[in-house]
Amino acid sequence: MVPSATKTTEISESQMPPFVHNHYSEKEENDEKTNKKKKKEKEAKEPMVGPFSVFRFADSLDILMLLVGTVMAIANGVVLPLICIVFGDMTDSLVNSASSNTSANPPNLTFSENMTNPLEEEMTTFAIYYSILGAVVLVAAYLQVSLWTLAAGRQVKRIRKLFFHRIMQQDIGWFDVNETGELNTRLTDDVYKIKEGIGDKVGMLIQSFSSFIAAFIIGFTKGWKLTLVILAVSPALGISAALFSKLLTNFTTKEQSAYAKAGAVAEEVLSAIRTVFAFSGQKKEIERYHKNLEDAKTMGIRKAVSANIAMGFTFLMIDLSYALAFWYGSTLILSGEYTIGSVLMWHTEPSVG
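The rules we used
Residue indices follow the written sequence of each chain, beginning from 1 at its first position. Given that this is a predicted model, residues contribute local features only at a pLDDT of at least 70 and side-chain atom pairs are listed and counted only at 80 or more, while totals for whole chains, interfaces and linings are drawn from all residues. The basis for every side-chain value is the complete set of non-hydrogen atoms in the structure, without hydrogens or water. Grid points spaced at 1 Å and placed over the protein atoms alone form the basis of the search, with a cavity being a set where a 1.4 Å probe fits but cannot get out and a pocket an open set showing protein on both sides within 12 Å along at least five of seven lines. Lining residues have an atom within 4 Å of a point. Grid points are joined across faces, edges and corners, and a volume is the space filled by probe spheres set on the points. Per the convention used, a helix needs a DSSP run of H or I reaching at least four residues, while a strand needs a run of E reaching at least two, with both numbered from the N terminus. Note on aromatic contacts: the rings of Phe and Tyr and the six-membered ring of Trp form a pair at centre separations within 6.5 Å, being stacked when their planes are under 30 degrees apart, edge-to-face when over 60 apart, and tilted otherwise. Relative accessible area decides the class of each residue, using a 1.4 Å probe on protein chains only: under 20% of the type maximum gives buried, over 50% gives exposed, and in between gives partly exposed. Distance thresholds for patches are 9 Å for like charges and 5 Å for nonpolar side chains (Val, Leu, Ile, Met, Phe, Trp, Tyr), applied to residues having over 30% relative accessible area and no salt bridge. All accessible-area figures derive from a Shrake-Rupley calculation using a 1.4 Å probe, and residue coverage is judged against the displayed protein chains alone. Between Lys or Arg on one side and Asp or Glu on the other, a salt bridge is scored when a side-chain nitrogen of the former is within 4 Å of a carboxyl oxygen of the latter.

Asker: Would you take a moment to explain the layout of surface pockets for this structure?
Answerer: By rolling a water-sized probe across the atoms, one finds the places where empty space is left. Of the voids in this model, the second largest pocket is the one considered here, and its volume is about 200 Å³. The wall of the second largest pocket is formed by Leu237, Gly238, Ser240, Ala241, Phe244, Ala310, Met311, Thr314 and Phe315. Residue assignment for the lining of the second largest pocket shows that the elements contributing at least two residues are helix H8 (234–271) and helix H10 (282–334). The leading source of residues in the lining of the second largest pocket is H8, at 5 residues.

Asker: What is the right way to read the packing of aromatic side chains from this model?
Answerer: Aromatic ring pairs: the centre-centre distance and the angle between the two ring planes describe each pair. Scanning the model with the defined rule gives 4 aromatic pairs in all. Their ring planes at 65° and their centres at 6.1 Å tell us that phenylalanine 55 and tryptophan 148 sit as a pair that is edge-to-face. Residue phenylalanine 55 is found in the loop between helix H1 (18–42) and helix H2 (60–104), and its partner tryptophan 148 is found in helix H3 (residues 113–168); the two are separated by 93 residues along the sequence. According to the relative accessible area criterion, tryptophan 148 is buried, its value standing at 4%. With a centroid separation of 6.4 Å and an interplanar angle of 65°, the aromatic rings of phenylalanine 126 and tyrosine 129 are classed as edge-to-face. Highlighted residues: phenylalanine 126 and tyrosine 129, both in helix H3, separated by 3 residues, approximately one helical turn. Clustering of aromatic rings is evident, with ring pairs tying together Phe212, Phe216 and Phe220.

Asker: Which parts of the structure should I look at to understand a nonpolar patch on the surface?
Answerer: A cluster of nonpolar side chains, contributed by Ile128, Tyr129, Ile132 and Val136, occupies part of the molecular surface with about 360 Å² of accessible area. For isoleucine 128, a relative accessible area of 46% gives the class partly exposed.

Asker: How should the pattern of salt bridges be read in this particular structure?
Answerer: Between side chains of opposite charge, a pair can form as their charged atoms come close. Scanning all chains against the criterion turns up 9 salt bridges. Here arginine 154 and aspartate 62 are joined by a salt bridge, their closest N and O atoms 2.5 Å apart. Residue arginine 154 is located in helix H3, and its partner aspartate 62 is located in helix H2; the two are separated by 92 residues in the primary sequence. The partly exposed category is assigned to arginine 154, whose relative accessible area is 28%. By relative accessible area, aspartate 62 is classed as buried at 0%.

Below, the structure is given as structure tokens:
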């Protein structure tokens, strides 16, 4: 009699028939040859895309949103140095009012009505300035982020369509060189990274650059001595930022390639899951998948460690510049060249830049 249900047992590698071992050995050799062939073909360095060529998929409406978002980013960046000027003037006003009242009433340190009214008027004026700048930041920041993000989403949608259509138009031999699973991963991950690169981060870059220009213009106009002292640490900050950017780019590319390979293995196994179970190759495929994930994990750990070290060095340079600015600013205050509010303002302006 034939039993109604059969129990499937997994055959170990030692119990496999000889033809199964031959099958896997031939498969591994073919995989190695294919990987070597792909590596040789991928060794050719792909051309870099320029900063304006990235936006070649934008239509007229996208370009309009990008221009308006750029103007809003510049306005948002200029506001912060202007706030520093208001803060410095307000500090001088408070210090002068307290000094005048102390010299006029040394015993009880009480504020007279004549001293309170001008100080109140000045503080009201500064409060109005802060309110106006805050309203400008509210409108500019919202338009900056929303317009850049909306334009990036529209471009990415167009890129996905064109990418899929171009894949469908390729010859059969092209799919022998490029794995279908890797293409699926590229379609999702790479396009997402393009969206991150052409989205609101570009607006933040423009905002930071406008703050940099405005801060140093105001700093050199109001007081060049303290600005030059703070500017002395700028090369160290620039070097740390360049190293951080280079390391992050390299590790991100390697991590992305490792995840693409792991995704290709998973796609290949799932598409041929019956064959894998027929030859009891689950363990071997799992090990192959884990190997690619380990490579991605290693790249991710290296990227995180390098990024944190570079960020720590950057903040170290910023704190050292603060210490140098306050020390040199105190000497300028004692010599009568600068006021307390001027030191705070000029210390903040180049630091913002």
